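Next come the chains, spelled out residue by residue.
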Amino acid sequence: MNQCTAVVLLPPPAHVVTLSPPGHRPEAGHVLCELGEDHDADHAAMLWDEGGRPGSAVWARWGTGRRIRLSPLPWCTAPDTRSEACGLFAGHQSGHGWEVTDPTDEAIARDLAKRHPHLWVRPR
């Protein structure tokens, strides 16, 4: 399944703006939902992980009103057939991380493979 295409502008936290030196205000940045396109709950994007402890990953969550909440969430523990972790938070909607494809990344990879076939290993 393709990745959701919802995007939201995440402003810098007020305390970061307050602590920034004059003339060097931090800028807002866009975050893209990491869930599969068929999810029916809030959008979500992982911002940072503080080292693998339960609830150590901080996710930006937003709904149709686009009000952003930061939430520490535990990682999804479902393993795929190669015993690799999901990469999304526990209880997420839609497919697991290995089932979600970023169509932009896929398009770039196809283009690079055409331009530089000697750099790509073909499956047997």
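Here the structure is shown first, and the text comes after it.
Note that the structure is predicted; figures quoted are calculated from it, not measured. (Residues numbered from 1 in each chain as written. Predicted model: local features only at pLDDT ≥ 70, side-chain atom pairs only at ≥ 80, totals over all residues. Heavy atoms only, no water.)

Caption draft 1: Examining the overall build of the protein chain more closely. A tally of helices and strands in the protein chain yields two helices and five strands. Across the protein chain, helices and strands are ordered from the amino to the carboxyl terminus as β-α-β-β-β-β-α. Here the C-alpha radius of gyration of the protein chain, 18 Å, is well above what a compact globule of 124 residues would show, namely 14 Å. By principal-axis analysis of the C-alpha atoms, the protein chain measures approximately 55 × 35 × 30 Å. Out of the 124 residues belonging to the protein chain, those deemed buried represent 26%. In the protein chain, once contacts between residues fewer than 6 apart in sequence are set aside, the share between residues at least 24 apart is 40%. In the structure as shown, the protein chain presents an accessible area of about 8700 Å², 55% of it carried by carbon and sulfur atoms. For the protein chain, the distance from the average position of its 12 positive side-chain charges to the average position of its 15 negative side-chain charges is 4 Å. (Helix = DSSP H or I, 4+ residues; strand = E, 2+ residues; numbered from the N terminus. Rg over C-alpha atoms; globule rule 2.2 N^0.38 Å. Buried < 20%, exposed > 50% of the residue type's maximum accessible area, 1.4 Å probe, protein only. Contact = heavy atoms within 4.5 Å. Areas by Shrake-Rupley, 256 points an atom, 1.4 Å probe, with all protein chains shown as cover. Lys, Arg positive; Asp, Glu negative; His and termini not counted. Charge placed at Lys NZ, Arg CZ, Asp CG, Glu CD.)

Caption draft 2: Region of the structure containing the state of the cysteines. Scanning the model with the defined rule gives zero disulfides in all. Take Cys4: it sits in no disulfide, and the sulfur closest to it among the cysteines is that of Cys33, at 3.9 Å. Of all cysteine sulfurs, the one in Cys86 lies closest to Cys76, which takes part in no disulfide; the gap is 3.9 Å. (Disulfide = S-S within 2.5 Å.)

Caption draft 3: Fine view of the nonpolar core. Counting residues in hydrophobic clusters, the biggest one holds 16 residues, and the most contacted among them are Cys33, Leu35, Trp59, Trp62 and Phe89. Elements supplying a minimum of two residues to this core: strand 3 (43–49) and strand 4 (57–62). In terms of residue count, the dominant contributor to this core is strand 4 (three residues). With residues up to four places along the chain from it excluded, the contact list for Leu35 reads Gln3, Cys4, Asp42, Ala44, Leu88, Phe89, His92, Gln93, Ser94 and Val100. (Core = buried A, V, L, I, M, F, W, Y, C linked by side-chain atoms within 4.5 Å.)

Caption draft 4: Molecular detail of the pattern of salt bridges. Counting across every chain of the model gives four salt bridges. Asp42 is paired through a salt bridge with Arg69; the nearest N and O atoms lie 2.3 Å apart. Placement of Asp42 in the loop between strand 2 (29–32) and strand 3 and of Arg69 in strand 5 (residues 68–73) is noted, with a sequence separation of 27 residues between them. Assessed through its relative accessible area of 23%, Asp42 is described here as partly exposed. (Salt bridge = Lys/Arg side-chain N within 4 Å of Asp/Glu carboxyl O.)

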